[in-house]
Amino acid sequence: MRLSRYFLPVMKETPADAQIISHKLMLRAGMIRQTAAGIYAWLPLGLRVLRRIENIIREEQARAGSLELLMPTLQTADLWRESGRYDAYGPEMLRIKDRHNRELLYGPTNEEMITALIRDNLQSYRDMPRIFYHIQWKFRDEVRPRFGVMRGREFLMKDAYSFDIDEAAGRHNYNRMFVAYLNSFARLGLRAIPMQADTGPIGGDLSHEFIVLAPNGESDVFYHSNWEQPGRHIEADFDDPKALQSIVNDHIADYAATDEKRDPLREAQAGEKLCQSRGIEVGHIFFFGTKYSKPMGFTLPGPDGKPIPIQMGSYGIGISRLLGAIIEASHDDNGIIWPEAVAPYHVGLINLRVDDENCQAIADTLYKRLEAAGVDTLYDDRNERGGAKFATMDLIGLPWQVVIGPKGAAKGVVELKNRASGKKQTLTIEEAFNLLKTGH
Ligand code: 5CA
C-alpha cells in the first residue's frame, strides 16, 4: 500500500481526551476515531489489526472443534423473556422499538439466541457435543465507557456456546475452550493468566477470566512470579478429556491468579515471589449447566427416548479490547510495537528522497517485489521530511522498516531497522529483500 493513497490521519500531539497509553496511541496512529461516547469508527490501519486478531481466534476455535456461524445484532425482547433475563438485565441493555412498536434489543450477549437456534434444529442426544461461535458487535450501555476500545459501549466479541448431554461432557467442552484460549492469547504475543471468576449476570458456578497484566488494567491480580514466562502454543488432543483436564489443572495449579476477595493462591514455591498487579480481562468463560436450557425448554431425547436437559457453557473474548491490551503490553516512547502475528503490515518502506531518481527507482522496485512475494508493505512514497516519516513509522509500529536514502542508493544499499529491538543493519537490496521475505 502506498501511503500517498492511504488514509492514515496521525496526530503529533497527545489527544487530551485519552488517559491511557493504548487509547492515546490508537488515536495518534490513526487507527480509530470516536463517533459517540464509547462508540468507534475503525480506520483502515486499525481494521487490519482487528481482522488479523479475528483470524487467529478463528483458527484456534476451529482447532478446538468450534463451528463459526453469525447471529444478528438485534434480538427480540420476547426471546429474552423466555430465559427471564429481559427484566433482570438492567440499564446496560439498549432497548429499541421498531415501527410496529415491537420490542427489540441490541444484543449484549447471545445465550438466549443460540439456545433457541440450536434447540429448534437438533434431533437427539447423538447430535451432541457441539460448540458454536460467532464474532459479532455487542452493545452494552456502560455507565462509564472509557479507555477507548478497552471499555466501549459498542465492542467486538467472539462468543462461543457449548452444548452437551451431561455435566462431564460439558466440562470437557469447557476445558477445550480453556486450552483454545491459552493458545489464542499466546499466538497474540500475550501472557493471559486464568483467574477464577464470579459469573455475574451470565450465571453458573464454574468460570475463569483471562487476565493480561498491565498497569492500566481495571482488575486487581495476585500471581506467582513464575507467570512472567512467555506463553507457548500447546499441542493438545482436544478429543482426549483426560489430557485436556490435566493441562487445565496444571495451569490452574501453577499459574492461576486471584483477586484479593477470593481464595488465596497456593503457597509460593522456592524461588517464587507473590506479585500484585493490575490486569485487563481479555476473555471470560462460563459453565452454567441448564440455566438457559431449562427455562427455554431445550431438551433432547436420550437413548431411552426420555428428554435430557442440555448442559451449556459460554465463552467470550473481547476482540476489540485485545487491541488495547496488546498495545498496553507492547509499546515504547515512540509508539506501538506490534507483535508480528497481528501487525497491520509486515514492512514499512521509507523513501527519504522522492526527488532523487535513484532512490525512487530502488524504492519502487523493492516495493513491487515485496508485494509480489506476499510481504505486506506500507510504502511511504510521500514528499515529506525524513524526520516525519521516521516518526510515523515508529508510531504505527510495523515490525520492520526499510530506509532508502540517497547515499545508500548510490552504493546499492538500504538500511533495515527492527522496530522491537531498534537494531539497524545496512544491507544490499537483495539481502534486505530476502530477509523480509523469509524472516532471516
Ligand atoms: N456471554 C458471556 C461469554 S460469551 C459474556 O458476555 N461474557 S463477558 O461479559 O465477560 O464478556 C466477554 C468479554 O468481552 C470480556 O472478557 C471482555 O474481554 C469483553 N468485554 C466485555 N465488556 C466490554 C466492553 N464494554 N468493552 C470492550 N470489551 C468488553
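Residues numbered from 1 in each chain as written. Predicted model: local features only at pLDDT ≥ 70, side-chain atom pairs only at ≥ 80, totals over all residues. Heavy atoms only, no water.

*Asks:* It is not clear to me how the pattern of salt bridges should be interpreted in this structure. Could you clarify?
*Replies:* A side chain with one charge can pair with a side chain of the opposite charge if their charged atoms come near. Summed over the entire model, instances satisfying the criterion amount to 31 salt bridges. Overlapping salt bridges, with partners in common, bring together Arg51, Glu54, Arg58 and Glu68 in one network. (Salt bridge = Lys/Arg side-chain N within 4 Å of Asp/Glu carboxyl O.)

*Asks:* How do you make sense of the sheet that holds strand 5 (residues 94-97) when you look at a structure like this?
*Replies:* In a beta sheet, neighbouring strands are held together by backbone hydrogen bonds and run either parallel or antiparallel to one another. Within the open sheet, the three strands sit side by side as 4-6-5. Their pairing is antiparallel. The open sheet is flanked by strand 4 (74-76) and strand 5, the only strands paired with a single partner. Across the sheet, the mean angle separating the axes of adjacent strands is 40 degrees when strand polarity is ignored. By the bridge criterion, three bridges tie strand 4 to strand 6 (residues 103-106) in an arrangement that is antiparallel. What sits directly across from Gln75, in strand 6, is Leu105. (Pairing = 2+ DSSP bridges. Helix = DSSP H or I, 4+ residues; strand = E, 2+ residues; numbered from the N terminus. Axes fitted to C-alpha atoms, helices over the stretch in contact; angles between N-to-C directions.)

*Asks:* Honestly, the domain arrangement of the protein in this entry has me stumped. Any pointers?
*Replies:* By a widespread convention, an interface's size corresponds to the accessible area lost as its parts come together. Considered domain by domain, the protein is made up of domain 1 (3-335) and domain 2 (347-438). On a C-alpha basis, the centres of domain 1 and domain 2 stand 38 Å from each other. If you look at the interface, domain 1 gives 14 residues, while domain 2 gives eleven residues. Surface buried jointly by domain 1 and domain 2 totals about 1,100 Å² across both partners, of which 64% is contributed by carbon and sulfur atoms. It is Leu3, Ser4 and Asn334 in domain 1 that bury the most area against domain 2; as a group they hold 44% of the surface buried on that side. (Domains from an automatic or database assignment. Contact = heavy atoms within 4.5 Å. Buried area = accessible area lost by both parts, 1.4 Å probe.)

*Asks:* Sorry if this is basic, but what is going on with helix 7 (residues 241-254) here?
*Replies:* Since the α-helix advances by 3.6 residues per turn, residues separated by three or four positions end up pointing in the same direction. An ideal rise of 1.5 Å per residue puts 20 Å on 14 residues; helix 7 measures up with 20 Å between its terminal C-alpha atoms. Looking at helix 7, one finds that the buried residues are Leu244, Ile247, Val248 and His251. Each buried residue of helix 7 sits inside an arc of 95 degrees when the element is viewed along its axis, so together they form one side. Looking at the buried residues of helix 7, the elements they touch are helix 6 (167-187). Capping the start of helix 7, Asp240 holds a side-chain oxygen 3.1 Å from the backbone nitrogen of Lys242, two or three residues further along. (Expected span 1.5 Å × (residues − 1). Buried < 20%, exposed > 50% of the residue type's maximum accessible area, 1.4 Å probe, protein only. Arc of directions from axis to C-beta. Polar contact = N/O pair within 3.5 Å; in protein donor to acceptor, adjacent residues only side chain to side chain.)

*Asks:* Even after reading the chapter, I still don't get the sheet that holds strand 21 (residues 413-418), so can you show me in this structure?
*Replies:* With mixed pairing, the five strands of this open sheet are ordered in space as 19-18-20-21-22. The sheet is open, and its two edges are formed by strand 19 (377-380) and strand 22 (424-428), each paired on a single side. Here the strands of the sheet are splayed against their neighbours by 25 degrees on average, with no regard to which way each runs. Lying over the sheet, helix 12 (residues 429-438) contacts strand 18 (347-351), strand 20 (400-404), strand 21 and strand 22, oriented at roughly 115 degrees with respect to strand 22.

*Asks:* I would appreciate a short explanation of helix 1 (residues 21-28) in the present structure.
*Replies:* In terms of residue burial, helix 1 counts as a mostly covered element, since six of its eight residues are buried. Turning to helix 1, its buried residues number three or more, namely Ser22, His23, Leu25, Met26, Leu27 and Arg28. Those residues of helix 1 hidden inside the fold are in contact with strand 1 (32-36), strand 2 (39-42), helix 8 (319-329), strand 16 (331-332), strand 17 (335-336) and helix 10 (386-396). Positive phi appears at Gly30, one or two residues downstream of helix 1, with a value of about 65 degrees.

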